[in-house]
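For reference, the chains in residue letters:
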Amino acid sequence: RFEDITIFVTGGAGFIGSAVIRHLMADTGARIVNIDKLTYAANLDSLPGAVGHPRYAFEKQCIGESTGLRALFEKYQPDAVMNLAAESHVDRSIDGPAEFIQTNVIGTFTLLQEALRHWRGLTPARRARFRFLHVSTDEVFGSLGANGMFSEDTAYAPNSPYSASKASSDHLVRAWRETYELPTMVTNCSNNYGPYHFPEKLIPHMIIRGLANEPLPVYGDGGNIRDWLYVADHALALTLVLEHGTVGETYNIGARCERSNLDVVAQICELLDEISPGITGSHRGLISFVTDRPGHDRRYAIDPGKIERELGWRPRETFDSGLTKTVRWFCDNRTWWQDILDRGYQQTRIGLG
Ligand code: NAD
Ligand code: TDX
């Protein structure tokens, strides 16, 4: 698959971007160019096996800076762009939305402009094959009540600066297809988890704090529901959309795996009790309810019927198997996250409690 083609993966040093690159390197013959600005969330240690490989190149580059981007399009002549570069943490977007507008909105716009310029210069055959896949989130749809799921037709109703910036970028991508005919596709995925997840996000945060016997801060009443997908299953879905998706379409990605935050944290505690005993009583005793996130969406649930039907995608992991793998990975790879903690990163006001 993907023999003799070059793919730009933006944000390839991040959590999902690195999973996509690990998958493309292992299971396809594609040449990969990782374009990443290397923000606090980036980590080139998440790409073992890629660095130094003849089919892999890394370029430190901001997607909001057109001159450098243009030079990269000219240098590598890519056949596809997978856009995963973004500011991704909701709490951080509440403290400081500017960077989210800059990268997620202006950055996507700049990348679209440079992709369009490149696409217009291709031969007709290569132009027909070119794809721009924009990776987005279910958070653009807003919050669900007790019933219902997000479909591809659900109206956008973002509630956080993060989700509003992602919604904005999705609209730009759609418009570049409708107006300029750039062959774009958009995916909207539910919450990912798995190895190499940055420590500020719920699941790694709880594992790392649990291992240190520190309080596990659950926002509000812990009844908020997220729909969880193992990151490698997301990478498989994105590759499938890139290869077989229909231009101009959007695809929802999720594993029909809704859990309340409290249930997720309780399950992590049980796994830690098994894998890493050593505290008096259960890790559950560390759970502590803290002030809620402002504008905290209550429930997300993705209907993945379209990608299942049209592209035959199915997740490989269940939540039980994926979470067990994840807790084990964090136990076995302490230097990966300890280096991040040692470097230090700005905590959010909500995270600090
Ligand atoms: P992440 O924060 O782990 O990684 C983002 C990467 O993008 C980092 O390596 C960072 O250095 C890079 N980056 C940021 N700004 C950049 C810029 N201006 N130019 C170039 N690179 C830049 O994020 P993630 O969790 O891997 O998310 C990747 C994408 O998937 C995002 O678009 C996010 O909205 C989307 N998404 C994430 C989830 C999830 O659960 N994590 C779910 C659905 C969709
Ligand atoms: O310490 C915590 N305590 C807590 O209760 C943290 C960090 C989070 N939470 C709650 C807030 C959410 O309801 O857990 C849930 C998950 O929180 P995050 O890990 O911050 O993820 P979320 O806000 O759901 O967004 C994630 O999924 C969708 C990604 O960060 C986004 O990039 C993606 O679009």
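What this report covers is the structure whose coordinates are included nearby. Computed from a prediction, not measured in an experiment: that's the story for all the values here.

### Focus on the nonpolar core
Next, step 1: Counting 68 residues, the largest nonpolar core has Ile7, Ile32, Met82 and Ile203 as the members making the most contacts within it.
Next, step 2: Ranked by residues supplied to this core, first place goes to helix α8 (residues 231-244) with 8 residues.
Next, step 3: What isoleucine 32 contacts, discounting residues up to four positions off in sequence, is Ile7, Val9, Ile21, Leu24, Met25, Arg55, Tyr56 and Ala57.
Next, step 4: The next biggest cluster of nonpolar side chains, apart from the first, holds 21 residues, and it includes Val33, Ile35, Ala115 and Val173.

### Structural notes on the site of ligand 2
Next, step 1: Around ligand 2, a shell composed of 19 residues is seen, among which Thr137, Glu139, Tyr162, Arg293 and His296 lie nearest.
Next, step 2: One nitrogen or oxygen atom from the main chain of serine 88 is found 2.8 Å from an oxygen atom belonging to ligand 2.
Next, step 3: For ligand 2, a nitrogen atom lies 2.8 Å from a polar atom in the backbone of proline 217.
Next, step 4: Coverage of ligand 2 by the protein amounts to 93% of the 650 Å² it exposes when considered alone.
Next, step 5: Sorting the residues of the shell around ligand 2 by element identifies α7 (202-211) and β8 (216-219) as the ones contributing at least two each.
Next, step 6: For the shell around ligand 2, a count of residues per class yields 7 nonpolar, 7 polar and 5 charged.

### A short note on the site of ligand 1
Next, step 1: Ile16, Asp36, Ser88, Tyr162 and Lys166 are the nearest of the 28 residues found near ligand 1.
Next, step 2: Glycine 14 places a polar main-chain atom, nitrogen or oxygen, 3.0 Å from an oxygen atom of ligand 1.
Next, step 3: Threonine 39 places a main-chain nitrogen or oxygen 3.0 Å from an oxygen atom of ligand 1.
Next, step 4: Calculation on ligand 1 without its partners gives an accessible area of 840 Å², and the protein chains cover 96% of this total.
Next, step 5: At 3 residues, the largest contribution of residues to the shell around ligand 1 is made by strand β5 (residues 131-137).
Next, step 6: When the residues that make up the shell around ligand 1 are grouped by side-chain class, the tally is 14 nonpolar, 11 polar and 3 charged.

### Looking at the pairing of strand β1 (residues 6-10)
Next, step 1: Counting buried positions along β1 gives 5 out of 5 residues, so the element sits mostly inside the fold.
Next, step 2: Of the two faces of β1, the one holding Thr6, Phe8 and Thr10 and the one holding Ile7 and Val9 are both buried throughout.
Next, step 3: Here β1 pairs with strand β2 (residues 31-36) via 5 bridges, running parallel. Its bridge partner being in β2, threonine 6 is matched across the sheet by arginine 31.
Next, step 4: You can see the chain leave β1, run along helix α1 (residues 15-27) and come back into β2, and the turn it takes is right-handed.

About the criteria used
Residues numbered from 1 in each chain as written. Chains lettered and ligands numbered in written order. Predicted model: local features only at pLDDT ≥ 70, side-chain atom pairs only at ≥ 80, totals over all residues. Heavy atoms only, no water. Core = buried A, V, L, I, M, F, W, Y, C linked by side-chain atoms within 4.5 Å. Buried < 20%, exposed > 50% of the residue type's maximum accessible area, 1.4 Å probe, protein only. Helix = DSSP H or I, 4+ residues; strand = E, 2+ residues; numbered from the N terminus. Contact = heavy atoms within 4.5 Å. Near = heavy atom within 4 Å. Polar contact = N/O pair within 3.5 Å; in protein donor to acceptor, adjacent residues only side chain to side chain. Areas by Shrake-Rupley, 256 points an atom, 1.4 Å probe, with all protein chains shown as cover. Nonpolar A, V, L, I, M, F, W, Y, C, P; charged D, E, K, R; others polar. Pairing = 2+ DSSP bridges. Right-handed = clockwise from strand over helix to strand, strands pointing away.

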